[in-house]
Amino acid sequence: MVIKRSPIHASEMSQVESEDTNRHGREEPLTGHELRDIKDATDLYQSGSFKLQIDALLPNVRPKESGRQQLERFLFALHTHCISIPSIEPLNPLAAAKVLAKQGVAVPFAFPLPSRDVKWKVAFEPPREICIVGSWGNGITVKKQSGSRFGVDLSVEMPETLFQEKDYLDGRFFHKKSYYLAVLAQSISTAFDVDTFYSSVHGDPRLTTLVLRPRNGSTSHDFSKSHAEVHVIPVLSSSSPLSPSRLFPSHSNVRTPSSSSPPPFPTPIYNNAILLSTYANEALKSTHGLKNALPAFHDTYTLLRVWANQRGYGDGELCVRGFEGKGSFWAGLLRYLISGEELVGTKNGSAKLRKPLGKGLSSYQLFKAALDFFAKQKFGETPVFTKTINGHRCPPEEYITHHPAVFVDATSTINFLSDVPLTSLDLLSHDAKETLEQLTNPSTSSDTFADCFLKNRFRLSSRFDAVIRVDLSQASRNQSTSALVEHGSSDAALLASISSTLRQGLGNRTQAIAILQPVTPCRPISSAESPSTSTVHIGLVYDPTHAFRLVDHGPSAEDQDSNVAKEFRHLWGSRAELRRFKDGRITESVVWEVTTSDERAHIPVSIVQHLLQLHFGISAKYVRTLQAPFDSILRLPDDVRRLHRATGGYKAALTAFDGVVRNLKALDEQLPLALLNVSPISEYLRYTSTFAPLPIPASASTELPDSLRFLPTIPIILEFEKSSKWPDDLKAIQKIKLAFFEIIAQSLMTSNPGLKASVAIGDSSNPFQGSAALEIFTAEGWSFSAFIWHDREATLLDRIIDPSKMFVDSSNQQYNAREQREAKIARELYTRRFIHAPRHHRAIANLCHKYSAYSGTVRLVKRWLAAHWLLQTHVSEEAIEIICALPFVGGKQKSTESPATVPHSKERGFSLVLEFLTNWKWEEPLYLPLYEDDPPAAAPEVWTSNGPDAVVVRRLRAIAKEASKALRNAETKMDIKNLFLHSTDDYDIVIQLNPAVLPRYYQNVNAESSVWTRDSHLGITESTPRPGFDPLPLFLADLQSTFADTLKFFADPLGGDRIGAIWLPGLESPRSFRALGGFSSKPLLKGDEAKDKEHVMLNRQAVLDDIGRLGTGLVQKIIVHVHERV
């Protein structure tokens, strides 16, 4: 299918700007800044509209000026109050906390908690300095993804007299800081009419801040118009007695009393948390200097934060583990790109020095440079040290040794990534690659700007190949003391351990692993601890090359006593075993036994379930995914498969097809023309049928009830060598084809005992349309329908349609309008069947082989459309196969490398197709590079010429929108039933059919097994199945042709037992009587306003009676819904 859009290119935009300038009479030349803007729009943005969209975005994600005065008045009053709070004498920490508890304020002490016999004390003195810091202080605040309030960070400098030199030990600094914050909370909550809360990033009490929000109904301290909240952050002064050298990553600053006296362990994250309390003012100065030196800094920072917030790298609906409260990281990244880095050793040797970027780059260039850094940086291997002015305060080797990921700021104070797991950084790299692909090679079928900056990426099913919901309430929380000390809370220690274990276990099976959790909510100041995290979502992005391998190899048998072997056995538990392989190797290995392709697709999720059970005690029932429910929707009921007994599937169907081809090729000596090619054109031979095909051997046919007797017919095309002996008359050509079929049928049955072949002639009255086919029924129970392609037919049909194409005088042979209509219909069928269908089949089969998830995606979308009564009746299966290719090929050029945007699971592919259907404008054509001859030579609307129409399009959009909501709810409830439930309330008529006589009923979404378990043979005794026989589409076709001007019909072709219909608009009003009016009518009743006795109205009851008569023996009842017409 083709799309031809005409975007406003940058050159056109510059021309408009030039004309606008001339209109204003400007004669001076353009400035350098204006020239650069024009060149940027041409070279960088690829279209002027993209640049205009960015320019429109920036002011809308920044705080408005309204309300600033209210906020400033409150901040001034808060400053005045805080510096006047009276001092509190030193007290035992528990005694001091008890005093505050009586006033309704809890002290958020960190682990390890203080005891009664400690010799140090807590106290309070008014702050030395109060300063607005962070992004608000530098004027670069960006709106959060969730639309929540802007954060105004207020640093409150605690006097150095409150601290002692050894307060870095055993959490003493954090206890004193917590007490100081609690005193502020008590005093502010009493003096100001505002709401006060505690907020702890990741639930870590060491990072607790005081949050002040305007109270509803308050008049004295109302700053709600600013849409902001104030975060009070206690900080250390630069002259505090705590020595920075004692806070290097290798130092152990927590002593754990134990009888066994374990050796001290390094506390790098603990030490970094202390250093964060000294960083606020340094970051303010650093960012301020960068903003002044780099003109594009503000816009770049805004774009980067918007991009990050939309993907969960910040405060929002869900947060990628480790990135909550990491606002300073993004400014630090831009500082690194501009300043350059220090060359240091890496875990894998030395690394190349990254050159600093120029300060004259535009915001868009810097934004892409930041994404390029994320896409290429391997955080687990290469540390990042921003260039400093005064040199490193800490030896770089300490960071490299004690932190999995290293990104040290320009002040050499903190490691931004000290508590960020490598799994989250892998996801950041993956997201950056995906965005760069969209910006570098934008798809013609999507809005690149919206994909980058506007689209909410919290719909997990379209972002990850597998989404796993984990209930942590059952997890064993027997973390070591060192883990609790390092991470600050039990939840943080648990999630850090889960992250590292999954990354080690999945290895190169995944490109990224994400642990997403809700942002830690604020809590009342009367609560000391943050609420624990009960549920997290784990997202997996597969590497298709390795994701589904069956064996994980470990160390060889000779290394059984090595640490590597012990770690391997510890990781996998009882699943690790010694195995000998075909090449003679004996190694520790883990083998994943599978019997079906669906089970193989579950291997990564099975690994997650095994590791969570083994190491964290989380049983499989608390680790849930949508894979199994989606698999079941594409799988026939177990009792149906048992009754069929025959082995089906796509491979079996392809094997049967190959056998038929061999049998046909063996007949060359018995045929007048040699068979050149046999082309498949069936969804059953390209892996895209909703259900895998099942054969029905003749011996098993009589044992099956009617509702299980459907045998699909697989169409194929026979192409013979060219010959001049073919007649030059269409009707004669059809007779020759019949003769060919008769010879082939007789020869096949003679040479292949058990095979049956017969000539089938359709009921078409069109003399130009080939209605004959050769039906082949194999001994294994497969059915094929063969058609003969003769290219001369197209020329003869064109001459009938347009006589001017004849080379001889056409006056002797005239065709009437009816014959021309019939020829046109025959020409369309010829083009679709013999030209487009083989070409389409090859393209789709190639996609199925290239992308493992494509087949499942198509099958799910077909199942979903069929369940909502749109498939085949209004939307062709070929059109769906093309639309489902969009997430895999898009509008991109063909590449040997799989793009980051390509889904690798059918669940993700299905979700992406739903997103597209929700927003796609059907009136605009769609271009996809599927076929070999790009652009396609023939008309692309061949698969949409018969639908969907405007009514169906609106219905499809509405259903897709509701399905998207249902899928999002399913991510939490892990139930997809609502996706495939179809309401019939909107139909005017619902025709209920007898399921016992429907041979496809077993494919129904809500099939009842009682229909085929009871005896329902109805006296049928023939032993040969009826290939392709299905009463529902036959009855539906009769209804559509009979009531084409009265009703629009809908039905589920996959086992549906109901047909829905709506009255066509315009039939309500009376109209003049005429012969062949197109609908059943009756005279107007007496008393109607129409004075003309010749006016008639729709006779609805007669229509219903006719439907009942047409469906005698098939229709059980007809339900009529009465709707009020607007």
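Above this text you will find the structure in question.
Presented here is an overview of the structure given in this document. Please read all numbers here as calculations on a predicted model, not as lab measurements. (Residues numbered from 1 in each chain as written. Predicted model: local features only at pLDDT ≥ 70, side-chain atom pairs only at ≥ 80, totals over all residues. Heavy atoms only, no water.)

A tally of regular secondary structure across the protein gives 36 helices and 32 strands. Considering only contacts in the protein between residues 6 or more positions apart, those separated by 24 or more positions represent 75%. On the protein, roughly 50,600 Å² of surface is accessible, and the fraction owed to carbon and sulfur atoms is 51%. (Helix = DSSP H or I, 4+ residues; strand = E, 2+ residues; numbered from the N terminus. Contact = heavy atoms within 4.5 Å. Areas by Shrake-Rupley, 256 points an atom, 1.4 Å probe, with all protein chains shown as cover.)

Two strands pair when backbone bridges link them, and strand β18 (residues 577-580) and strand β19 (residues 586-591) are joined in this way by four bridges, in the antiparallel orientation. In the strand pairing of β19, Glu-577 is matched with Ser-589. (Pairing = 2+ DSSP bridges.)

Summed over the entire model, instances satisfying the criterion amount to 44 salt bridges. Between Glu-434 and Arg-457 there is a salt bridge whose closest N-O contact spans 2.8 Å. Of this pair, Glu-434 sits in helix α14 (residues 422-440) while Arg-457 is found in the loop between α15 (448-454) and α16 (460-463), placing the two residues 23 residues apart along the sequence. Taking the shortest distance from any N to any O, the salt bridge between Asp-706 and Arg-709 comes out at 3.9 Å. A residue is classified by how much of its surface remains accessible, and Arg-709, at 8% relative accessible area, is buried. (Salt bridge = Lys/Arg side-chain N within 4 Å of Asp/Glu carboxyl O. Buried < 20%, exposed > 50% of the residue type's maximum accessible area, 1.4 Å probe, protein only.)

Let us look at the nonpolar core. With 149 residues, the main nonpolar core has Leu-718, Tyr-854 and Trp-864 as its most contacted residues. Every residue in contact with Tyr-854, bar those within four places of it in the chain, is listed here: Thr-688, Ile-844, Leu-847, Cys-848, Glu-881, Ile-882, Cys-884, Ala-885 and Phe-888. (Core = buried A, V, L, I, M, F, W, Y, C linked by side-chain atoms within 4.5 Å.)

With that out of the way, let us pick up the packing of helix α29 (residues 854-867) against helix α32 (residues 906-919). Orientation of α29 relative to α32, taken along the N-to-C sense of each, is 55°, at an axis distance of 8 Å. It follows from the interaxial angle that α29 and α32 lie oblique. Regarding α29 and α32, the two cross each other, and that crossing is right-handed. Contact residues: α29 offers Gly-856, Thr-857, Leu-860, Val-861 and Trp-864, while α32 offers Lys-906, Glu-907, Gly-909, Phe-910, Val-913, Leu-914 and Leu-917. (Axes fitted to C-alpha atoms, helices over the stretch in contact; angles between N-to-C directions. Parallel < 35°, antiparallel > 145°, perpendicular 65-115°, else oblique. Left-handed = near helix turned anticlockwise from the far one by under 90°.)

What follows deals with the environment of His-251. As for its placement among the helices and strands, His-251 is situated in the loop between β7 (228-236) and α8 (268-276). Separated by 16 residues in the primary sequence, His-251 and Thr-267 place their C-alpha atoms 6.3 Å from one another. Those residues in contact with His-251 that lie beyond four places of it in its chain are Ser-245, Arg-246, Pro-266, Thr-267 and Asn-271.

Here the residue pair Phe-111 and Pro-112 is connected by a cis peptide bond, since its omega of 0° sits within 30 degrees of zero. Counting through the fold element by element, Pro-112 comes out in the loop between α5 (93-102) and β2 (122-124). Looking along the chain, the bond that leaves Gly-947 and enters Pro-948 is cis, with omega of 10°. Tracing the backbone through its elements, the reader meets Pro-948 in the loop between α32 and α33 (950-973). Despite not being glycine, Tyr-687 has its phi angle at roughly 70°, a positive value. With respect to the element layout, Tyr-687 can be found in the loop between β21 (675-680) and α25 (698-701).

Before going further, it helps to examine helix α7 (residues 172-191). A rise of 1.5 Å per residue sets the reference length of α7, with its 20 residues, at 28 Å; its end C-alpha atoms lie 29 Å apart and thus fit the reference within 8%. Most of α7 is tucked away, with 17 of its 20 residues classed as buried. (Expected span 1.5 Å × (residues − 1).)

Tallying each qualifying case throughout the model produces 43 aromatic pairs. Between Phe-323 and Trp-330 the ring centres are 6.1 Å apart and the planes differ by 25°, which places this aromatic pair in the stacked class. Like Phe-323, the residue Trp-330 is buried in the burial classification. The interplanar angle of 50° and the centroid separation of 5.7 Å between the aromatic rings of Phe-373 and Phe-374 together place this pair among those described as tilted. (Phe/Tyr/Trp six-rings, centres within 6.5 Å; stacked < 30°, edge-to-face > 60°.)

Okay, the side chain of Asp-491 next. Within the fold, Asp-491 resides in helix α18 (residues 490-506). Other than its neighbours up to four places away in sequence, Asp-491 contacts Arg-477, Pro-531, Ser-532 and Thr-533.

Attention now goes to the sheet that holds strand β22 (residues 713-720). In spatial order, the strands read β21-β22-β25-β24-β23; together these five strands make up an open sheet with mixed pairing. Edge positions in the sheet fall to β21 and β23 (756-761), since each has one partner strand and no second. Between one strand axis and the next, the sheet turns by 30° as a mean value, whatever way the strands run. Two elements, strand β24 (residues 772-777) and strand β25 (residues 783-789), share four bridges in a ladder whose sense is antiparallel. Looking at β25, one finds that Ile-776 is bridged to Phe-784. Helix α28 (residues 817-850) contacts β21, β22 and β25 of the sheet and is inclined by roughly 115° relative to β25.

As a further point, take the packing of helix α12 (residues 363-376) against α14. Taken N-terminus to C-terminus, the directions of α12 and α14 make an angle of 135°; their axes are 7 Å apart at the nearest point. Viewed along their axes, α12 and α14 adopt a mutual orientation that is oblique. Crossing geometry of α12 relative to α14 is assigned as left-handed. Touching Tyr-364, Phe-367, Lys-368, Leu-371, Asp-372, Phe-374 and Ala-375 of α12 are Leu-428, Ser-429, Ala-432, Lys-433, Thr-435, Leu-436, Leu-439 and Thr-440, all from α14. Among the residues making up the contact of α12 with α14, the classes are represented as nine nonpolar, three polar and three charged. (Nonpolar A, V, L, I, M, F, W, Y, C, P; charged D, E, K, R; others polar.)

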